[in-house]
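# Fold and geometry: a report
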Amino acid sequence: MTSINVNGKVHDLGDVPDDTPLLWVLRDQLGLTGTKYGCGIAECGICTVHLDGVAVQSCITQLSEVGDSKVTTIEGLSEDGSHPVQKAWKQHGVPQCGYCQVGQMMMAAAMLESNHDPSDDDIDGEMWNICRCGTYPRIRAAIKTAAKEMQTR
Ligand code: FES
Ligand code: FES
């Protein structure tokens, strides 16, 4: 039996095939539908989750690659929307249609764990997620606000 640790809880997955993309395990097996599907080929960033704190694209991460690693989805970033990134996103009113935003926040949260004071160039370099609504200026502003709060933790 395959099991997976998601948001601090271990789930038995029964006979789910090893080559199933993590995205579909999260959405279809575990009902964690915060993580979205976009391109399916690691080109858009919409499906980004954390694997042991590192941002990965769940559409191309097979269940067999997860192993004992800890998966974090937007549902586990905080229980009540209180992660600095989530708060900053609300403060800046970042989303437009919203479809890309979970991936954006997961990518930003992972970046801020290793870079506590990202420059515009850092943000532009690491935040390669696509937003068809063009919310990039607000994303940049929200990341800087979140970074300030994370520096004081
Ligand atoms: S759906 Fe995974 S990167 Fe686009
Ligand atoms: S908010 Fe619409 S695609 Fe990003």
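The shown structure was predicted, so the numbers you read here are calculated from the model rather than taken from an experiment.

### Looking at the overall build of the protein chain
A tally of regular secondary structure across the protein chain gives seven helices and five strands. Seen in sequence order, the protein chain has helices and strands lined up from the N terminus as β-β-α-β-β-α-β-α-α-α-α-α. Once the C-alpha set of the protein chain is aligned to its principal axes, its extents read approximately 45 × 35 × 25 Å. Within the protein chain, contacts between residues separated by at least 24 positions form 57% of all contacts whose residues are at least 6 apart in sequence. Total accessible area on the protein chain is roughly 7700 Å²; 47% of this is exposed by carbon and sulfur atoms. On the protein chain, the mean spot of the 12 positive side-chain charges and the mean spot of the 20 negative ones are 11 Å from each other.

### Concerning the sheet that holds strand S4 (residues 54–57)
Ordered by their spatial adjacency, five strands build an open sheet running S2-S1-S5-S3-S4, and the pairing between neighbours is mixed. One side of each edge strand has no neighbouring strand; the edge strands of this open sheet are strand S2 (9–12) and S4. With strand direction ignored, the average angle separating the axes of adjacent strands in the sheet is 40 degrees. Contacts from helix H1 (residues 22–29) reach strand S1 (3–6), strand S3 (48–51) and strand S5 (70–72), with the element oriented near 85 degrees to S1. Running at roughly 35 degrees to S3, helix H5 (residues 101–114) makes contact with S3, S4 and S5 of the sheet.

### A few points about helix H4 (residues 84–91)
Buried within H4 are the following residues: Pro84, Val85, Gln86, Ala88 and Trp89. Where H4 is buried, its residues meet helix H3 (74–77), H5 and helix H7 (136–151). Of the residues trailing H4, Gly93 is marked for its positive phi of about 55 degrees.

### Some remarks on the pairing of S4
On any regular strand, side chains alternate: one points to one face of the sheet, the next to the other face. In the sheet, S3 pairs with S4 via four bridges, with the strands oriented antiparallel. Looking across to S4, one finds that Val49 is bridged to Val56. Between the antiparallel neighbours S3 and S4 lie two residues, among them Asp52 with a positive phi of about 50 degrees.

### A look at the side chain of Thr35
As for its placement among the helices and strands, Thr35 is situated in the loop between H1 and S3. By relative accessible area, Thr35 is classed as buried at 0%.

### Re the domain arrangement of the protein chain
One widely used convention gives an interface's size as the accessible area the parts lose upon coming together. Taken domain by domain, the protein chain comprises domain 1 (3–75) and domain 2 (84–151). Between the C-alpha centres of domain 1 and domain 2 there is a distance of 21 Å. Summed over both partners, the interface of domain 1 with domain 2 comes to about 1300 Å²; 68% of that surface belongs to carbon and sulfur atoms. Considering only the surface of domain 1 that becomes buried against domain 2, Ile46, His50 and Ile74 emerge as the three largest contributors, covering 39% of it. Counting across the domain 1 and domain 2 interface gives four residue pairs in polar contact (both at pLDDT 80 or more). In terms of residues, the side of domain 1 that touches domain 2 owes the most to one element, S3, which gives three residues. Grouping the constituent residues of the side of domain 1 that touches domain 2 by class yields seven nonpolar, nine polar and two charged.

Thresholds applied
- Sequence positions are assigned chain by chain, starting from 1 and proceeding in written order.
- Chain letters and ligand numbers both follow the written order, the letters beginning at A and the numbers at 1.
- In keeping with the model being predicted, local features are shown solely for residues with a pLDDT of at least 70 and side-chain atom pairs are shown and tallied solely at 80 or more, while totals for entire chains, interfaces and linings include all residues.
- With hydrogens and water excluded, all non-hydrogen atoms of the structure serve as input to the side-chain values.
- Under the scheme used here, helices are H or I runs from DSSP no shorter than 4 residues and strands are E runs no shorter than 2 residues, and both carry numbers assigned from the N terminus.
- Contacts between residues were defined by any pair of non-hydrogen atoms, one from each residue, lying within 4.5 Å.
- Method for areas: the Shrake-Rupley scheme with a 1.4 Å probe, in which residue coverage is limited to the protein chains shown.
- Within this scheme the basic residues Lys and Arg register as positive and the acidic residues Asp and Glu register as negative, but His and the chain ends are omitted.
- Where a charge lies is defined by one atom per residue type: Lys uses NZ, Arg uses CZ, Asp uses CG and Glu uses CD.
- Strands are treated as partners if at least two bridges between them are detected by DSSP.
- To get an axis, fit a line to the C-alpha atoms, keeping to the stretch in contact for a helix; angles then go from 0 to 180 degrees between the N-to-C directions.
- Each residue is assigned to one of three classes by its accessible area relative to the maximum for its type, calculated with a 1.4 Å probe on protein chains only: buried under 20%, partly exposed between the two thresholds, exposed over 50%.
- Note that the domain bounds reflect an automated or database-derived domain assignment.
- The buried area of a pairing is the accessible area, by a 1.4 Å probe, that goes missing from both parts when the two are put together, added over both.
- Distance and chemistry together define a polar contact, namely a pair of N or O atoms within 3.5 Å, with one atom able to donate a hydrogen and the other to accept it when in protein, and with adjacent residues in sequence counting only for side-chain atoms on both sides.
- Here the nonpolar group is Ala, Val, Leu, Ile, Met, Phe, Trp, Tyr, Cys and Pro; Asp, Glu, Lys and Arg are the charged ones; every other residue, Gly included, is treated as polar.

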